[in-house]
Amino acid sequence: MEETTLNNTIHVKLTEKFGEKVTAVSEPYGLLTFVTYKDVIVNVLSHLKEELKFNFLTDITAVHYPGKEHGIAVVYHLHNMVEKVRIRIKVFISEQNPTIPTATVVWKGANWMERETYDLFGVKFEGHPDLRRILNMDDLGVHPMLKQYPLEDPNRVDKKDEFFGR
Amino acid sequence: MLLILQRDEHFLFINMSEINIVDAPPGTEGPGYFATSLDKVIGLARSNSLWPLPFATSCCGIEFMATMGSHYDLGRFGAERLSFSPRQADVLMVMGTIAKKMAPVLKQVYIQMAEPRWVMAVGACASSGGIFDTYSVLQGIDEVIPVDVYVPGCPPRPEAILDGFQRIQDLVKNESGRRRNSDYYRDLLGQYGIK
Ligand code: SF4
């Protein structure tokens, strides 16, 4: 119950500051989750860090929803270590032009997380100091977590149906 | 204390007498001489003193450590001395998942090895990609370097690795001294873009 009230306070404070830029608020498994927009994301993040004491950036990642108008969700997880509360922020951006301002201005640690998100989803973080691939080989040519690419390697030969009599 | 030492020495002595010595290669024997071909003598010497280069990247590498340990003891087959420098190694043992980003490194290690060299792919991952049928994993190291022996298993037991090693020894024993100069061999390496 306590968690819920804490979440409510955070929600109220955010709405006071950002108005209808904070939308689609939900609480799956008690984790406060909301959607915001890329023009205010850096302000939201630094407000959360400075005023609401979410001092730890747990993760930045993305989700691909093919066929939607804004098909790529960039997801931020923050942690307030004093109050022991976590929060999740989503920003939906378009697949054709997947750009979003960098969070490295708020947390230095966002650097590699954003490189990973760029590597796997092709999200371009504007203002990032060194946006290169981090996990995959440089000449991969695709962003493999986007769902238009098959997960399997096309060179695989030993799983062909003929070897199993299918 | 003295007594124990003596008993141990005695024990050692008994074991010493049970050391196996490899058989001589086939040849012609008479009083005072033994004749065989140079290839066979070289093969015999090489196959019983192979220096492996362990390229262990994941779980199969752990199994190799067991193989190298006292219980299974790869040293019994003349491979006591691991070579972590490719220049001195004879057999490259690739054990584990090779990511595509790792492939150029593996190839570089292979190129650095001096002829004659052999390659053993240990485990499903090194042989075919194994369970990692995915964009980031090399689907078998034979996409980048030629392989002599594949050891199946995920991971293979140390016995299987030993068996694979003995298959390499068989190859080494029976290889003609000129094979590495043959057109066939050069073409094979050419396919991989290795001179
Ligand atoms: S074959 Fe199995 S045990 Fe060996 S590296 Fe691959 S996953 Fe690990």
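In case you missed it, the structure is sitting above this.
This structure is a prediction, so every number in the text was calculated from the model and none was measured.

J.: Describe the site of the ligand, and please don't skip the residues or the numbers.
T.: Residues and elements named next belong to chain B. Taken together, S58, C59, C60, G96, T97, G123, A124, C125, G130, I131, C154 and P155 form the complete shell of residues around the ligand. The set of elements that each furnish at least two residues to the shell around the ligand consists of α3 (59–68) and α5 (123–128). The biggest single contributor to the shell around the ligand is α5, with three residues. Its residues assigned to classes, the shell around the ligand shows seven nonpolar, five polar and no charged.

J.: I'd love a proper account of the interface of chain B and chain A, names of residues and values included.
T.: Every contact between the two is made by eleven residues of chain B and, on the other side, ten residues of chain A. Residue composition of the side of chain B that touches chain A, by class: two nonpolar, five polar and four charged.

J.: Lay out unusual backbone geometry in plain terms, naming residues and giving numbers.
T.: A cis amide bond, omega -5°, links B:E115 with the succeeding residue B:P116. With respect to the helices and strands, the residue B:P116 is situated in the loop between α4 (103–112) and β5 (118–122). The omega torsion of the bond from B:C154 to B:P155 falls at -5°, within 30 degrees of zero and hence cis. Relative to the helices and strands, B:P155 resides in the loop between β6 (149–151) and α6 (158–174). In this structure, A:K84 is a non-glycine residue whose phi angle is positive, near 55°.

J.: With reference to specific residues and values, describe the sheet that holds strand β2 (residues 32–36) of chain A.
T.: Within a beta sheet, neighbouring strands are joined by backbone hydrogen bonds and run either parallel or antiparallel to one another. All names here are of chain A. In space, the five strands of this open sheet follow the order β1-β2-β5-β4-β3, with mixed pairing throughout. Every interior strand has two partners, whereas the edge strands, β1 (23–26) and β3 (56–64), have only one. Averaged over all pairs of adjacent strands, the angle between strand axes in this sheet comes to 15°, irrespective of strand direction. Examined bridge by bridge, strand β4 (residues 72–80) and strand β5 (residues 85–93) share nine bridges and lie antiparallel to one another.

J.: Talk me through the pairing of β4(A); I want residue IDs and the actual numbers.
T.: Residue and element names in this part refer to chain A. Note that β3 and β4 share eight bridges and pair antiparallel. Directly across from T61, in β4, lies its bridge partner V75. Adjacent in sequence and paired antiparallel, β4 and β5 are bridged by four residues, among which K84 carries a positive phi angle near 55°.

J.: I'd love a proper account of α6(B), names of residues and values included.
T.: Residue and element names in this part refer to chain B. Here α6 spans 24 Å end to end across 17 residues, near enough to the 24 Å set by a 1.5 Å rise per residue. Looking at α6, one finds that the buried residues are I161, G164, F165, I168, Q169 and V172. Each buried residue of α6 lies within a common arc of 150° when the element is viewed along its axis, so the set occupies one face. Of the exposed residues in α6, those oriented more than 90 degrees away from the buried face are E159 and N174. The inward-facing, buried residues of α6 contact α2 (38–47), α3, β4 (91–95), β5 and β6.

J.: With reference to specific residues and values, describe the packing of α2(B) against α6(B).
T.: All names here are of chain B. Packing of α2 against α6 leaves a shortest axis separation of 7 Å and a crossing angle of 155°. As summarised for this structure, α2 and α6 are arranged roughly antiparallel, according to the angle between their axes. Crossing of α2 over α6 shows right-handed handedness. For the pair α2 and α6, the contacting residues are G43, L44, R46 and S47 in the first and Q169, V172, K173 and N174 in the second. Its residues assigned to classes, the contact of α2 with α6 shows two nonpolar, four polar and two charged.

J.: Which residues make up the environment of B:V122, and what are the values?
T.: Residue and element names in this part refer to chain B. Within the fold, V122 resides in strand β5. Residue class for V122 comes out buried when judged on the 30 C-beta atoms lying within 10 Å of it. Among all residues touching V122, those that are not within four sequence positions of it are C60, F64, M93, V94, M95, V151, P156, I161 and G164.

J.: Residues and numbers for the sheet that holds β4(B), please.
T.: All names here are of chain B. One open sheet holds the four strands; their spatial order is β3-β4-β5-β6, and the pairing between them is parallel. Across the chains shown, the open sheet's two edge strands, defined by having one partner strand only, are β3 (52–56) and β6. Each adjacent strand pair in this sheet contributes to an overall mean axis angle of 15°, direction not counted. With five bridges joining them, β3 and β4 adopt parallel strand pairing. Bridging across to β4, P54 finds its partner in M93. Sheet strands touched by α6: β4, β5 and β6. Its angle to β5, the strand with the most contacts, is close to 160°.

J.: Which residues make up the packing of α3(B) against α6(B), and what values go with them?
T.: Packed helix pairs are specified by the crossing angle of their axes together with the interaxial distance, meaning the distance between the axes. Residues and elements named next belong to chain B. Closest axis-to-axis distance for the α3/α6 pair is 9 Å, and the angle between their directions is 75°. The orientation of α3 with respect to α6, classified from their angle, is roughly perpendicular. Seen from α3, the contacting residues are E63, F64, A66 and T67; seen from α6, they are P158, I161 and L162. Its residues assigned to classes, the contact of α3 with α6 shows five nonpolar, one polar and one charged.

J.: Break down helix α3 (residues 110–121) of chain A for me, citing the residues and quoting the values.
T.: Residues and elements named next belong to chain A. Taking 1.5 Å of rise per residue, the twelve residues of α3 would be expected to cover 16 Å, and the 16 Å separating its terminal C-alpha atoms lies within 8% of that figure. The element α3 is extensively covered by neighbouring structure, given that nine of its twelve residues are classed as buried. Within the span of α3, buried status applies to A110, M113, E114, E116, T117, Y118, D119, L120 and F121. Here the buried face of α3 lies against β3, β4 and β7 (124–126). Taken from the residues just after α3, G122 is the one with a positive phi, measuring 75°.

The rules behind these values
- Residues numbered from 1 in each chain as written.
- Chains lettered and ligands numbered in written order.
- Predicted model: local features only at pLDDT ≥ 70, side-chain atom pairs only at ≥ 80, totals over all residues.
- Near = placed C-beta within 6 Å.
- Helix = DSSP H or I, 4+ residues; strand = E, 2+ residues; numbered from the N terminus.
- Nonpolar A, V, L, I, M, F, W, Y, C, P; charged D, E, K, R; others polar.
- Contact = placed C-beta atoms within 7 Å.
- Pairing = 2+ DSSP bridges.
- Axes fitted to C-alpha atoms, helices over the stretch in contact; angles between N-to-C directions.
- Expected span 1.5 Å × (residues − 1).
- Buried ≥ 20, exposed ≤ 12 C-beta atoms within 10 Å, placed from the backbone.
- Arc of directions from axis to C-beta.
- Parallel < 35°, antiparallel > 145°, perpendicular 65-115°, else oblique.
- Left-handed = near helix turned anticlockwise from the far one by under 90°.

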